[in-house]
Amino acid sequence: MPLAAAGMASFSGMNGNASESIPPDLILALRRAQRIVVFTGAGVSAESGIPTFRDALTGLWERFDAQDLATPEAFVHDPELVWGWYEWRRMLVQRTQPNSAHRAIAELARRVPQFTVVTQNVDDLHERAGSTGVLHLHGSLQTARCIACGTAHVFAVGIPDEPEGGRRLRPPLCARCGGLIRPGVVWFGESLPEDVLAGAFAAARACDLLLAIGTSGLVQPAARIPALARQAGARVVQVNPAPTALDDDCTWSLRGAAGVILPQLLASASMLPNAPVRGGQCAADQGRAGP
Ligand code: OAD
């Protein structure tokens, strides 16, 4: 199924507040969970300084909408504009650091028998925080390939040195066939990597708790993931300061910043009688997440 943005979100009422403590039944669900899926979007990286896709673009790109630049047509029409935008974003990501939400997710994984991180993000902040086996539905900024023959492009080591306001930049040419090199991300209208999508759907159908963090839930097919989990019997927690299209699929909506709420969730899980943790020993090592 090709990548597509929904025209409109349907919002449900709010049933949580950042300033409230974590609901006791959520704490219990977290403690008991054996299979957790964390499904993230741009909001989880916002506190690292990476703009979300709903933020206005700045500098050279202020006249554009992110969704207009993330298409094959945009690249064909103006490769220098699009390549410049991706190199600028690659620089931003490499200059920044994972935040407390990324770190809490990586830590939570150590306490749960089966834990899968599924992300729509093309940054590597989950991995740099310590998460492993992350399923990247929309590819990665750190990969690129020839638009004609598909040969992988190897980036020079180091952080791209782009001006703050961005610039147009000619894409490199393929060492094999001379074709234009394009970013290794999924653009609107393109298919997601089949194996990654299948892995994410399977994990969602098998989990008992799904955490949807910092995503607007507007872009398909990824946005189906929380509903798949709910339909298979899992409970769904959302962490987002704003209402989203996912509200109806959520058992709990925690309104607030991921960097604040995820450490609180981790602290709740850490109150397990059996829970971790000295010298890296944790509940997951003992084969269960909680009482
Ligand atoms: P969006 O930019 O659509 O949504 C970001 C969400 O993060 C919004 O719902 C914000 O309210 C929320 N948010 C902002 N700050 C937050 C914070 N500190 N903590 C928690 N949440 C916060 O990003 P995605 O849902 O990831 O695709 O968008 C999905 C896809 O659409 C992206 O992967 C991208 C985009 O176009 C491609 O580029 C292929």
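See above for the structure.
Note that the structure is a prediction, hence the values are computed from the model and not measured.

Each helix and strand counted, the chain has 10 helices and 11 strands in total. In the chain, which comprises 291 residues, the proportion classed as buried is 52%. Partitioning the contacts of the chain with sequence separation of at least 6, the portion at a separation of at least 24 is 73%.

A few words on the packing of helix α1 (residues 24-32) against helix α10 (residues 258-269). Running from N to C, α1 and α10 cross one another at 65 degrees; their axes reach a closest spacing of 9 Å. It follows from the interaxial angle that α1 and α10 lie roughly perpendicular. Crossing angle aside, the handedness with which α1 passes α10 is right-handed. Contacts from L26, I27, L30 and R31 of α1 reach α10 at L265, S268 and A269. Its residues assigned to classes, the contact of α1 with α10 comprises five nonpolar, one polar and one charged.

Further remarks concern the site of the ligand. Residues in close proximity to the ligand total 22 residues, the closest being F53, R54, T215, S216 and N240. Taking G214, its main chain carries an N or O atom lying 3.2 Å from an oxygen atom of the ligand. Here an oxygen atom of the ligand and a side-chain polar atom of S216 are 2.6 Å apart. Within the complex, 92% of the 790 Å² of free accessible area of the ligand lies under protein. Its residues assigned to classes, the shell around the ligand comprises 11 nonpolar, nine polar and two charged.

For the rest of this paragraph, the subject is the sheet that holds strand β2 (residues 35-40). Strand order in the open sheet made by the six strands is β4-β3-β2-β8-β10-β11, with parallel pairing throughout. Looking at the sheet topology across the chains shown, the edges are occupied by β4 (135-136) and β11 (252-254). With five bridges connecting them, β2 and strand β8 (residues 209-213) associate as parallel partners. What sits directly across from F39, in β8, is A212. Running over the sheet, α1 touches β2, β8, β10 (235-239) and β11 and is turned about 105 degrees from β11. Along the sheet, helix α6 (residues 100-109) contacts β2, β3 (114-119) and β8; its crossing angle with β3, the most-contacted strand, is approximately 150 degrees.

Right, let's get into helix α5 (residues 79-95). Since the α-helix turns once every 3.6 residues, residues separated by three or four places project in the same direction. The terminal C-alpha atoms of α5 lie 24 Å apart, and with 17 residues this matches the ideal 24 Å at 1.5 Å per residue to within 8%. For α5, a buried count of 14 out of 17 residues is recorded, marking the element as mostly surrounded by other parts of the structure.

What follows deals with the sheet that holds strand β5 (residues 139-146). Here three strands make up an open sheet; going across it, the order is β6-β5-β7 and the pairing antiparallel. Since the sheet does not close on itself, it has two edges, and those belong to β6 (152-153) and β7 (181-185), each with one partner. Strand direction decides the pairing type here: β5 and β6, joined by two bridges, are antiparallel. Within β6, the residue paired with A144 across the bridge is H153. With respect to the sheet, α5 is in contact with β5 and β7, its orientation differing from that of β5 by roughly 140 degrees.

With that settled, consider the nonpolar core. Ranked by internal contacts, the top residues of the largest apolar core, which has 30 residues, are I36, L209, L211, I213, L262 and L265. For this core, the elements supplying multiple residues, two or more each, are α1, β2, α6, β3, β8, β10, β11 and α10. Ranked by residue count, the leading element in this core is α10, at six residues. By size, the runner-up hydrophobic cluster in this structure holds 24 residues, among which are L192, C207, A212 and A234.

Right, let's get into the pairing of β10. The buried fraction of β10 is high, at four of five residues. Bridge analysis of β8 against β10 gives five bridges, and the strand direction is parallel. In the sheet register, A212 faces β10, and the bridge partner there is Q238. One ladder, built from three bridges, connects β10 with β11; its direction is parallel. Residue pairing across strands places V239 opposite L254, the latter belonging to β11.

Criteria and cut-off values
Residues numbered from 1 in each chain as written. Predicted model: local features only at pLDDT ≥ 70, side-chain atom pairs only at ≥ 80, totals over all residues. Heavy atoms only, no water. Helix = DSSP H or I, 4+ residues; strand = E, 2+ residues; numbered from the N terminus. Buried < 20%, exposed > 50% of the residue type's maximum accessible area, 1.4 Å probe, protein only. Contact = heavy atoms within 4.5 Å. Axes fitted to C-alpha atoms, helices over the stretch in contact; angles between N-to-C directions. Parallel < 35°, antiparallel > 145°, perpendicular 65-115°, else oblique. Left-handed = near helix turned anticlockwise from the far one by under 90°. Nonpolar A, V, L, I, M, F, W, Y, C, P; charged D, E, K, R; others polar. Near = heavy atom within 4 Å. Polar contact = N/O pair within 3.5 Å; in protein donor to acceptor, adjacent residues only side chain to side chain. Areas by Shrake-Rupley, 256 points an atom, 1.4 Å probe, with all protein chains shown as cover. Pairing = 2+ DSSP bridges. Expected span 1.5 Å × (residues − 1). Core = buried A, V, L, I, M, F, W, Y, C linked by side-chain atoms within 4.5 Å.

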